[in-house]
Protein chains: 2
Amino acid sequence: MSTEYDVSKQNKVRQLREKAAYDKDTVHAVLDAGLVAHVAVVQDGDPVVVPMLYGREGETVFLHGARKARVIRMLEGTGKVCINITLLDGLVFARSAFASSMNYRSVTVFGQARLVDELEEKKRALHVINEHAMPGRSAELRESLQNEFKMTGVIAVDIESASAKISDKMPEDESCDLDTPVWAGVLPLESRFTTLQPDSLVQEGVAPSDALRALQNKRL
Amino acid sequence: MSTEYDVSKQNKVRQLREKAAYDKDTVHAVLDAGLVAHVAVVQDGDPVVVPMLYGREGETVFLHGARKARVIRMLEGTGKVCINITLLDGLVFARSAFASSMNYRSVTVFGQARLVDELEEKKRALHVINEHAMPGRSAELRESLQNEFKMTGVIAVDIESASAKISDKMPEDESCDLDTPVWAGVLPLESRFTTLQPDSLVQEGVAPSDALRALQNKRL
């Protein structure tokens, strides 16, 4: 199996090409690090973009929503989708506005959307999505009910092509700007979980599981 | 001037309607809190979504990129765009997978894209974008050069319609799940800047400005 996505007109990174990556490991790593996917489709000729939770299994990205939700009906009917996941890692303060930028990890995926209707595949897809956002949680909860599966719409997007773009650098100023007496560097941005907040109905003696505590300490 | 966006087929929130808001103050607040916009356009009939820095002035969202960048050329040629900005605020751990969800602030904007070519408007738009991500920085830097303006492409999107969707809640479990001995509640997610990292060329005695220090302590 190829370890790289083919570079085509669709996924070719044209600007800042030195930041581009097409190898599956890099693309998968960003997909696995993010929590919110921005999913774009064409509806009646116009663009629509919707934020969604997701999960990845091999070369497939699974999305879900209420079965009747507009986004599920759009995805069901649309064919091609484009998905971007971007994690902002910091602001790059250069010595000119022009050279200032940001550090980030970003992935763009192109593929066909397909409604997952067969119950076993749907169960597996939902497991993948749930475990992506809440690792270990599935084992702590009751099985989902038939009715709950019915009310949930699942979309599979098999990755046709993809690219990653990653920036992790200090400013790159023009030499003529270097004698400016202005501070330059990076202000890192960190997304992290804070403190677990129980709801008022948690039973006495029930503490967060090890999986929840591990997630609490994770950085995105 | 109206304080609400008209609700149309385009911007109507259909799922979880109780979380929807159409008033301009709420929409503007989310637009002003985010840093990365996901901008969707239709290219050759297919959807494309690109993450971009942005800034808002009144009812206009400004975007920028390299003048020759594909995204600028796409936006220049496309007409209609859809922009989503989502800030993930936490994971909601309910007592079933079905009731589990997330807390977030999200805004979707629809409008026409227009290339900003006139120099004075372009300067103002870039000022808005720069100050959005890096408040106070413009005053610390030299003026941009004619050549830098020329190499930068600016797009204006006048907001035609918009909606916000905000979720900030504890789990809402079915009553039959409430006697389950499982922890439930919210794990908040926080995006915050960490410590300013100077590059190796900062001149002796040059410290970060007050504006940079204030940004360092800001939460998104």
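Up top you'll find the structure we're talking about.
Residues numbered from 1 in each chain as written. Chains lettered and ligands numbered in written order. Predicted model: local features only at pLDDT ≥ 70, side-chain atom pairs only at ≥ 80, totals over all residues. Heavy atoms only, no water.

**Student:** Sorry, what's going on with the pattern of salt bridges here?
**Tutor:** Here the idea is simple: oppositely charged side chains can pair when their charged atoms come close. Residues and elements named next belong to chain B. Enumeration according to the criterion identifies 30 salt bridges over all chains in this entry. Here Arg114 makes a salt bridge to Glu121, at a shortest N to O gap of 3.3 Å. You can call Glu121 buried: its relative accessible area is 19%. Arg137 is the partner of Glu140 in a salt bridge, and the nearest nitrogen-oxygen pair spans 2.8 Å. Accessibility expressed as a relative area gives 25% for Glu140, which makes it partly exposed. (Salt bridge = Lys/Arg side-chain N within 4 Å of Asp/Glu carboxyl O. Buried < 20%, exposed > 50% of the residue type's maximum accessible area, 1.4 Å probe, protein only.)

**Student:** Any chance you could explain the relation of the copies chain B and chain A here in plain terms?
**Tutor:** The operation relating the two chain copies consists of a rotation about an axis and a shift along that axis. Placing chain B over chain A gives an RMSD of 0.0 Å and needs a rotation angle of 180°, together with 0.0 Å of translation along the axis. Here the two chains are linked by the operation of a two-fold rotation axis. Residue Ser191 of chain B, judged by its C-alpha, is the member of chain B lying nearest the rotation axis, at 2.1 Å. (Least-squares fit on C-alpha atoms with pLDDT ≥ 70 in both.)

**Student:** Hey, could you run me through the interface of chain B and chain A in this one?
**Tutor:** As a measure of interface size, the accessible area lost when the parts come together is often cited. With 89 residues of chain B in contact, the opposing surface of chain A contributes 89 residues. Both faces considered, chain B and chain A share a buried interface measuring about 7,800 Å² in area, 66% of it formed by carbon and sulfur atoms. The largest contributions to the chain B side of the interface with chain A come from Pro47, Phe98 and Trp183 of chain B, which together make up 10% of the buried area. Inspection of the region where chain B meets chain A yields eight salt bridges. Here Lys9 of chain B and Asp44 of chain A are joined by a salt bridge, their closest N and O atoms 3.5 Å apart. Per element, the largest residue contribution to the side of chain B that touches chain A is 10 residues, and it comes from strand E6 (residues 80-93) of chain B. Sheet analysis places strand E9 (residues 185-193) of chain A next to strand E10 (residues 197-198) of chain B, joined by two bridges and oriented antiparallel. (Contact = heavy atoms within 4.5 Å. Buried area = accessible area lost by both parts, 1.4 Å probe. Helix = DSSP H or I, 4+ residues; strand = E, 2+ residues; numbered from the N terminus. Pairing = 2+ DSSP bridges.)

**Student:** Looking at this structure, how should I read the pairing of strand E8 (residues 152-167) of chain A?
**Tutor:** Along any regular strand, the residues point their side chains to alternate faces of the sheet. Residue and element names in this part refer to chain A. Buried residues dominate E8, accounting for 12 of its 16 residues. With two bridges joining them, strand E1 (residues 20-21) and E8 adopt antiparallel strand pairing. Note that in E8 the partner of Ala20 across the bridge is Lys165. Examined bridge by bridge, strand E5 (residues 60-66) and E8 share seven bridges and lie antiparallel to one another. The partner of Thr60 across the bridge, within E8, is Asp158. Here strand E7 (residues 101-115) pairs with E8 via 12 bridges, running antiparallel. In the sheet register, Arg105 faces E8, and the bridge partner there is Ile166.

**Student:** For this particular structure, what's the right way to read helix H3 (residues 119-133) of chain B?
**Tutor:** Residues three or four positions apart in an α-helix share a direction because the helix packs 3.6 residues into each turn. All names here are of chain B. For H3, which comprises 15 residues, the first-to-last C-alpha distance of 21 Å matches the rise-based estimate of 21 Å (1.5 Å per residue) to within 8%. Listing the buried residues of H3 in full gives Glu121, Lys122, Ala125, Leu126, Val128, Ile129, His132 and Ala133. One side of H3 holds all its buried residues, which, seen down the axis, span an arc of 155°. One side-chain oxygen of the residue at the start of H3 lies 3.2 Å from the amide nitrogen of Glu120, identifying that residue as Glu118. (Expected span 1.5 Å × (residues − 1). Arc of directions from axis to C-beta. Polar contact = N/O pair within 3.5 Å; in protein donor to acceptor, adjacent residues only side chain to side chain.)

**Student:** What is the right way to read the pairing of strand E5 (residues 60-66) of chain B from this model?
**Tutor:** Residues and elements named next belong to chain B. The sheet contact formed by strand E4 (residues 54-57) and E5 spans four bridges and is antiparallel. By the bridge assignment, Tyr54 is partnered in E5 with Leu63. Connecting E4 to the antiparallel partner E5 that follows it, the hairpin turn spans two residues, and Gly58 within it adopts a positive phi of roughly 60°.

**Student:** I tried to follow the environment of Val27 of chain B on my own but got confused; where do I start?
**Tutor:** All names here are of chain B. Structurally, Val27 can be placed in helix H1 (residues 24-33). Residue Val27 is classed as buried on the basis of its relative accessible area, which comes to 0%. Here the alpha-carbon distance between Val27 and Val109, two residues 82 residues apart in the chain, equals 8.9 Å. In contact with Val27, not counting residues within four places along its chain, are Tyr5, Ala21, Val107, Ala162, Ser163 and Ala164.

**Student:** I keep staring at the nonpolar core and nothing clicks. Help me out?
**Tutor:** It is characteristic of soluble globular proteins that their nonpolar side chains tend to be buried jointly. Core analysis: the biggest nonpolar cluster contains 53 residues, and Leu31, Leu63, Leu75 and Ile83 of chain A have the highest contact counts within it. Among the elements that make up this core, the one with the highest residue count is E8 of chain A (five residues). Formed by 52 residues, the second largest nonpolar core is a distinct cluster that contains Leu189 of chain A together with Val39, Val50 and Val81 of chain B. (Core = buried A, V, L, I, M, F, W, Y, C linked by side-chain atoms within 4.5 Å.)

**Student:** Before we go on, may I ask you to explain the packing of aromatic side chains in this structure?
**Tutor:** Given two aromatic rings, their pairing is described by the distance between the two centres and the angle made by the two planes. Within the structure shown, the criterion is met by zero aromatic pairs over all chains. Above the face of the Tyr5 of chain A ring, Lys24 of chain A is positioned so that its terminal group lies 5.3 Å from the ring centre. (Phe/Tyr/Trp six-rings, centres within 6.5 Å; stacked < 30°, edge-to-face > 60°. Lys NZ or Arg CZ within 6 Å of the ring centre and 35° of its normal.)

**Student:** It is not clear to me how the side chain of His28 of chain B should be interpreted in this structure. Could you clarify?
**Tutor:** Residue and element names in this part refer to chain B. Position of His28 among the secondary structure elements: in helix H1. With relative accessibility at 13%, the residue His28 sits in the buried group. Within polar-contact distance, the side chain of His28 engages the side chain of Tyr5 at 3.2 Å. Excluding residues within four positions of it along the chain, His28 makes contact with Tyr5, Arg56, Gly58 and Glu59.

**Student:** So what exactly am I meant to see when it comes to unusual backbone geometry here?
**Tutor:** Only a minority of non-glycine residues have a phi that is not negative, and only a minority of peptide bonds are not trans. All names here are of chain A. One non-glycine residue, Leu16, lies in positive phi territory at about 50°. Within the fold, Leu16 resides in the segment before E1. Positioned with a positive phi, Asp44 is a non-glycine residue whose angle comes to about 50°. Residue position: Asp44 is located in the loop between strand E2 (37-43) and strand E3 (46-52).

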